[in-house]
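Listed here are the chains, written in short residue letters.
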Amino acid sequence: MNRFDKITGFRGEAKVRYLDGEFQILQQGDFVRCAVTGEPIPLAELKYWSVELQEPYKTADASLQRHLRTRAR
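Values in this document were obtained by computation on a predicted structure and should not be read as measured data.

## Comments concerning the pattern of salt bridges
Logical step 1: Overall, the coordinates contain 4 salt bridges when judged by the stated rule.
Logical step 2: With a closest N to O distance of 4.0 Å, K58 and E39 form a salt bridge. Taken as a pair, K58 in the loop between β6 (55-57) and α1 (60-72) and E39 in the loop between β3 (31-33) and β4 (40-42) lie far apart in primary sequence, 19 residues in all.
Logical step 3: On the basis of relative accessibility, which here comes to 33%, the residue K58 falls in the partly exposed class.
Logical step 4: By relative accessible area, which is 37% here, E39 ends up partly exposed.
Logical step 5: We note a salt bridge from E52 to R71, for which the minimum N-O separation is 3.1 Å. You can see E52 sitting in the loop between β5 (48-50) and β6 and its partner R71 sitting in helix α1, a full 19 residues away along the chain.
Logical step 6: Given the relative accessible area of 59%, E52 is considered exposed.

Quick look at the structure:
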């Protein structure tokens with residue numbers, strides 16, 4: 001999926017596969033949950049994710065927090 005695809009008519013949490021530069025919806029829904037904050041992220045607003053960890057982030061700051069935590073291990 002990319003920013004030009006239209007997302008309408010679905011309810012609940014989506015299941016998503018995160019790819020380089022885009023994502024693929026595996027189970028229809030309106031949102032995913034940020035892996036750091038737990039906040040819902042509408043699919044139309046999803047900008048940050050990790051292909052390696054297969055998880056979404058609400059903000060760039062949340063993405064950086066997760067990156068720093070996983071690299072510290």
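## Regarding the packing of aromatic side chains
Logical step 1: For the coordinates displayed, the defined rule picks out 2 aromatic pairs.
Logical step 2: On the numbers, 5.4 Å between centres and 85 degrees between planes, the contact of F23 with W49 is edge-to-face. Residue F23 is located in strand β2 (residues 22-27), and its partner W49 is located in strand β5; the two are separated by 26 residues in the primary sequence. The two residues F23 and W49 agree in class, both being buried.
Logical step 3: Members of the aromatic cluster, each reached through a chain of ring pairs, are Y18, F23 and W49.

Each value, and the rule that gives it
Residues numbered from 1 in each chain as written. Predicted model: local features only at pLDDT ≥ 70, side-chain atom pairs only at ≥ 80, totals over all residues. Heavy atoms only, no water. Salt bridge = Lys/Arg side-chain N within 4 Å of Asp/Glu carboxyl O. Helix = DSSP H or I, 4+ residues; strand = E, 2+ residues; numbered from the N terminus. Buried < 20%, exposed > 50% of the residue type's maximum accessible area, 1.4 Å probe, protein only. Phe/Tyr/Trp six-rings, centres within 6.5 Å; stacked < 30°, edge-to-face > 60°.

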